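Inside the fold
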There are 2 protein chains.
Amino acid sequence: MKMLKDKIVQEGIVLGEEVLKVDSFLNHRVDPELMRAVGQAFAERFAYAGADLVLTIESSGIAPALMAALELRVPLVFARKQTSVLMQDDLYIEPVFSFTKKQQSQVAVSRHFLPDGRNVLIIDDFLAHGEAALGLARIVENAGSRVAGIGIVIEKSFQNGFRKLTEAGYRVESLARIASLRDGNVVFADGE
Amino acid sequence: MKMLKDKIVQEGIVLGEEVLKVDSFLNHRVDPELMRAVGQAFAERFAYAGADLVLTIESSGIAPALMAALELRVPLVFARKQTSVLMQDDLYIEPVFSFTKKQQSQVAVSRHFLPDGRNVLIIDDFLAHGEAALGLARIVENAGSRVAGIGIVIEKSFQNGFRKLTEAGYRVESLARIASLRDGNVVFADGE
């Protein structure tokens, strides 16, 4: 997606070989027009899938997922992150390990808003090791629903998340795929 | 705003005299069409104000604020909540007391994304005691910018947030104003 890649080149900040900061348009300041285009791109790529719900995770997933849900004309559910161990009967809870924060947290979705028999499109801002997306997928399947696909704004293709998700049988569509962040440069996977 | 009030009547859950749960369309599951209408309503009510930035707070503020920012064609910044005491030179940080959680937390915005001389529209999902909105307003003013106005999706008018914000000189526009939650019933402030 050209508009997104241009923005990454112009405003992304490479911090070491593994971290790309995109706080200026995705994770802290948000570019609404770019989010609309991102939502439209997800809706096109998953048009075939017949999703009837979009699921994401707070907070940075909400903007792109909302625009995808708006375009697909389906509801959005955002999972809550919680670091305390909390068990509640009316929640689906899955542990998720964050490699960035070196910390295990929990992801929770109310059972009321994830009934069985749904076809759920998972959207997230970043794909690195795939832990968050796999946690959301487990929640969808524990609820007796199906993962329609996984849409990612920025994939760090040099980490193993994409492989883990596709090996688990999920179709992953990433709008920007980054092959390398070496020497402070962003190299996209499709050679652009 | 009729669409919003209808949704509150149909799906809101009154828990005691002070708590209204709107998890089904605002705080956990999100209704994208309603959020679009909410964004349009904010844009209309603040059209005169010439805001050049929308500021909200994660997570539930993001959806309505994104749609307002999209409509106004300005960037969105969402403040981060943090419970740990963290001081960083490049952040504006304000303490905010949550009456619901009986807990002090901190609200943080990067200095990079809140330059001086801006005209900032603050958007939040709920107005109760006004602590979050006041914290955001202090951050805007500490940055040398101006509060263009404060837009609230649901105001609990029986609590003192509206009074505190207007006494501090801010113009507040709430799309639904709730006068009472007594006896499990939602009574709107405009008598509807």
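Refer to the preceding data block for the structure.
Now for a look at the structure at hand.

Observations regarding the overall build of chain A
The helix and strand inventory of chain A stands at 6 helices and 11 strands. For chain A, whose C-alpha radius of gyration is 16 Å, the value lies close to the compact-globule estimate of 16 Å for 192 residues. In terms of its C-alpha atoms, chain A occupies a principal-axis envelope of roughly 50 × 35 × 30 Å. Taking all 192 residues of chain A together, 56% fall into the buried category.

Structural notes on the interface of chain A and chain B
The partner chain B presents 32 residues to the 32 residues of chain A that form the contact. Both sides together, the interface formed by chain A and chain B hides about 2600 Å², and carbon and sulfur atoms give 67% of it. Looking only at chain A, the three residues that lose the most surface to chain B are His-28, Leu-70 and Phe-113 of chain A, adding up to 26% of its buried area. Joining chain A to chain B, the criterion identifies 0 salt bridges.

Points about the packing of aromatic side chains
Residues and elements named next belong to chain B. All chains considered together, the criterion is met by 4 aromatic pairs over all chains. Ring geometry for Phe-97 and Phe-99: centres 5.2 Å apart, planes at 90 degrees, overall edge-to-face. Lying over the aromatic face of Phe-188, Lys-5 brings its terminal NZ or CZ to 5.5 Å of the ring centre.

Notes on unusual backbone geometry
With an omega dihedral of -10 degrees, the bond running from Glu-58 of chain A to Ser-59 of chain A counts as a cis peptide bond. A positive phi angle, near 60 degrees, is found at Arg-73 of chain B, a position not held by glycine. Tracing the backbone through its elements, the reader meets Arg-73 of chain B in the loop between α4 (62–72) and β5 (76–82).

Structural notes on a nonpolar patch on the surface
Residue and element names in this part refer to chain A. A contiguous nonpolar patch, built from Ile-13, Leu-15 and Val-19 and spanning about 240 Å² of accessible area, is present on the exposed surface. Here Val-19 shows up in strand β2 (residues 19–21). Judged by relative accessible area, which is 34%, Val-19 ranks as partly exposed.

Here we look at the pairing of strand β7 (residues 103–110) of chain B
Residue and element names in this part refer to chain B. Across the 8 residues of β7, 6 count as buried, placing the element largely inside the fold. The pairing of β5 with β7 spans 3 bridges and is antiparallel. Each residue of the ladder has a partner; that of Lys-81, found in β7, is Val-107. One ladder, built from 8 bridges, connects strand β6 (residues 91–98) with β7; its direction is antiparallel. Residue Leu-91 lies in a different strand from β7, and its bridge partner there is Ser-110.

So, how was this worked out
Residues numbered from 1 in each chain as written. Chains lettered and ligands numbered in written order. Predicted model: local features only at pLDDT ≥ 70, side-chain atom pairs only at ≥ 80, totals over all residues. Heavy atoms only, no water. Helix = DSSP H or I, 4+ residues; strand = E, 2+ residues; numbered from the N terminus. Rg over C-alpha atoms; globule rule 2.2 N^0.38 Å. Buried < 20%, exposed > 50% of the residue type's maximum accessible area, 1.4 Å probe, protein only. Contact = heavy atoms within 4.5 Å. Buried area = accessible area lost by both parts, 1.4 Å probe. Salt bridge = Lys/Arg side-chain N within 4 Å of Asp/Glu carboxyl O. Phe/Tyr/Trp six-rings, centres within 6.5 Å; stacked < 30°, edge-to-face > 60°. Lys NZ or Arg CZ within 6 Å of the ring centre and 35° of its normal. Patch = residues over 30% accessible without salt bridge, like charges linked within 9 Å, V, L, I, M, F, W, Y side chains within 5 Å. Areas by Shrake-Rupley, 256 points an atom, 1.4 Å probe, with all protein chains shown as cover. Pairing = 2+ DSSP bridges.

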